[in-house]
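In case you want the letters, here they are:
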2 protein chains.
Amino acid sequence: MRILIIEDEAPLLERVTAQLREQGYAVDTAADGRTGLYLGQEYPLDAAVVDLGLPDLSGIEVISRWRASGRCFPILILTARGRWQDKVEGLEAGADDYLVKPFHMEELLARLRALIRRTGGWTQSLLSCGSIALDTGAQLVTLAGQPVEVTAYEYKLLEYLMLHAGMVISKTTLTEHLYQEDEDRDSNVLEVLVGRLRRKLDPDRTLNPIETLRGRGYRFALDRSSG
Amino acid sequence: MRILIIEDEAPLLERVTAQLREQGYAVDTAADGRTGLYLGQEYPLDAAVVDLGLPDLSGIEVISRWRASGRCFPILILTARGRWQDKVEGLEAGADDYLVKPFHMEELLARLRALIRRTGGWTQSLLSCGSIALDTGAQLVTLAGQPVEVTAYEYKLLEYLMLHAGMVISKTTLTEHLYQEDEDRDSNVLEVLVGRLRRKLDPDRTLNPIETLRGRGYRFALDRSSG
DNA sequence: ATTAAGCTGTAAGCTAATTTAAAACTTATT
DNA sequence: AATAAGTTTTAAATTAGCTTACAGCTTAAT
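Residue numbers here run from 1 along each chain, matching the order of that chain's written sequence. Numbering of ligands from 1 and lettering of chains from A proceed in the order in which they are written. In keeping with the predicted nature of the model, local features appear solely for residues at pLDDT of at least 70, side-chain atom pairs appear and are counted solely at 80 or more, and the whole-chain, interface and lining totals rest on all residues. Working from all heavy atoms in the structure, the side-chain values ignore hydrogens and water.

Trainee: Would you take a moment to explain unusual backbone geometry for this structure?
Mentor: It is generally the case that most residues other than glycine have a negative phi and that most peptide bonds are trans. Omega for the peptide link from Lys101 of chain B to Pro102 of chain B comes to -5 degrees, which places this bond in the cis form. In this fold, Pro102 of chain B is placed in the loop between β5 (97–101) and α5 (105–119). Notably, Asp56 of chain A is not glycine yet its phi reads approximately 40 degrees, a positive angle. A run of DSSP states H or I qualifies as a helix once it reaches four residues; a run of E qualifies as a strand once it reaches two. Both are numbered from the N-terminal end. Along the chain, the position of Asp56 of chain A falls in the loop between β3 (47–51) and α3 (59–68).

Pasting the structure below:
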């Protein structure tokens with residue numbers, strides 16, 4: 001999951017960034033509206049956290065412009081305590097949720113998770129497709145009820161694919177979401193990762209939960225109804 | 001467990017703080033509503049004790065604002081005897097339990113324990129998983145019925161993990177709830193602590209009650225049904 | 001006051017899991 | 001058949017977590 005944070009208070013920005021990275025998100029940051037606007041236009045985000053009180057270009061303005069240009073990832077706005085009324089303006093501009101500063105880090109995480117889940121069309125913390133299920137709370141993957149051991153990266157990959165089950169996800173998109181740095185064009189980490197995950201999720205090579213669309217990317221199959 | 005106390009009478013605040021620290025809680029304190037509100041927004045609390053008769057910002061106000069901004073830790077309110085009717089207002093604002101002053105320290109401790117337990121989904125004061133049981137009242141740990149000697153920190157760690165049994169808890173989250181100070185990123189206290197606890201709870205290395213999820217955290221196993 | 005015992009945190013080395021990189025190999029597409 | 005895209009295998013590099021030993025403190029006992 002790739003998240004953008006736009007926040008001008010450096011210490012807060014750092015804390016939030018560290019926390020989200022720890023949770024396994026790929027995090028992009030901006031300390032002003034202009035940079036933030038650009039990053040949001042340029043990169044495929046899963047969510048954005050935007051402080052409304054920004055220098056140069058206001059948070060409201062950034063959100064409006066994103067929405068005007070068709071960007072539809074969920075946006076969580078942060079408002080200073082004295083300015084909580086701003087939230088209305090923010091929500092009208094196209095934000096999805098708000099949080100009043102100072103806030104509880106866990107609250108931010110919870111809301112972000114909820115937002116991301118909602119946009120993926122999932123409502124509970126258990127993603128399940130056919131015989132494969134992923135519990136985001138216990139971070140447990142099960143295959144036909146049996147737990148499957150997955151590594152941190154495998155988990156992230158699976159979560160992203162299941163969250164977007166049925167959609168084709170390009171390799172570039174995947175690398176961008178799983179890793180901070182931009183892709184090395186001469187690396188096959190992703191293919192290796194997909195291979196390992198496939199072997200774990202489908203030992204007998206019969207279900208094929210992760211489809212390959214040559215030249216386009218991967219797709220998590222929706223309809224493997226053997227579970 | 002991390003607890004916040006908001007109380008303007010200094011002697012009472014001190015007594016309660018000392019008592020809770022003695023019980024092994026990490027305690028944050030505030031003598032007025034404004035500070036208390038802020039601390040509650042900022043730190044990951046497991047519970048809060050709020051006196052309703054506060055200077056500047058009232059207890060009711062503090063609770064309302066916390067709840068409005070999504071804070072969901074349990075809250076115990078304290079009311080003066082003459083003002084016991086205030087409790088209704090407090091509970092409506094989002095508090096979970098109340099205590100009329102003057103009270104017995106024992107009673108406060110018992111109610112706090114109950115509140116914290118309930119948030120983890122436990123209804124009785126005995127947390128038990130497989131052959132491991134933890135009595136939050138007596139602060140006693142038993143393994144297959146036999147008492148196990150654990151130190152203060154080992155107890156805190158075990159209590160937190162058992163309360164959130166089945167969920168993955170990151171190391172940062174654990175440190176935040178076990179210690180007052182913020183994490184040293186280059187310390188391995190937690191690993192050492194987990195190691196010691198494991199040796200005590202599972203001397204033969206066969207049950208593995210505390211699972212490690214590399215890169216993600218620890219998880220107390222729900223289903224070790226050998227007890 | 002002195003000593004002993006136990007608790008907690010630090011540091012270092014170690015182990016093993018995980019990730020990366022590279023090369024050989026397979027499959028689709030034109 | 002030629003080429004591009006994807007897969008698999010292996011080995012090397014990296015890193016997270018475990019263990020152990022020890023030192024500083026605190027608490028209890030003499």
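After that view, the rundown keeps rolling.
Trainee: Help me out: how do you make sense of the interface of chain B and chain A in this one?
Mentor: By definition, residues are in contact when any of their heavy atoms lie within 4.5 Å. Opposite the 25 residues of chain B that make contact, chain A presents 20 residues. In total, chain B and chain A occlude about 1800 Å² of area from one another, counting both sides; carbon and sulfur atoms represent 41% of this. What counts as buried area is the accessible surface, traced by a 1.4 Å probe, that two parts surrender upon association, with contributions from both included. Contact with chain A buries surface across chain B, with Glu42, Arg71 and Arg216 of chain B losing the most and accounting together for 29% of the total. The rule for a salt bridge is simple: a side-chain nitrogen of Lys or Arg has to be within 4 Å of a carboxyl oxygen of Asp or Glu. In this structure, the connection of chain B to chain A is made through 1 salt bridge. For Glu42 of chain B, the salt bridge identified is with Arg15 of chain A, shortest N-O distance 2.7 Å. Two N or O atoms form a polar contact when they lie within 3.5 Å of each other; inside protein one atom must be a possible hydrogen donor and the other a possible acceptor, and for residues adjacent in sequence the pair counts only when both atoms belong to side chains. Linking chain B to chain A there are 4 residue pairs in polar contact (both at pLDDT 80 or more).

Trainee: Looking at this structure, how should I read the confidence of the model for chain A?
Mentor: Residue-level confidence of the predictor is summarised by pLDDT, bounded by 0 at the bottom and 100 at the top. Of all residues in chain A, 92% attain a pLDDT of 70 or more, and the chain-wide mean is 84. For chain A, per-element mean pLDDT is lowest for helix α5 (residues 105–119) of chain A, which scores 78, and highest for helix α8 (residues 189–201) of chain A, which scores 95.

Trainee: Would you mind showing me how to read the protein's contact with DNA strand C here?
Mentor: The criterion for a residue being near a molecule or strand is simple. One of its heavy atoms has to lie within 4 Å of it. The environment of DNA strand C is formed by 20 residues, the closest being Thr151, Tyr153 and Tyr179 of chain A together with Thr151 and Arg214 of chain B. Counting only atoms of DNA strand C within 4 Å of the protein, the fraction found in sugar and phosphate groups is 59%. For DNA strand C, a base nitrogen lies 3.1 Å from a polar atom in the side chain of Asn188 of chain B. Put simply, the parts of the chain that give the surface near DNA strand C at least two residues each are α6 (152–163) and α8 of chain A together with α6 (152–163) and α8 (189–201) of chain B.

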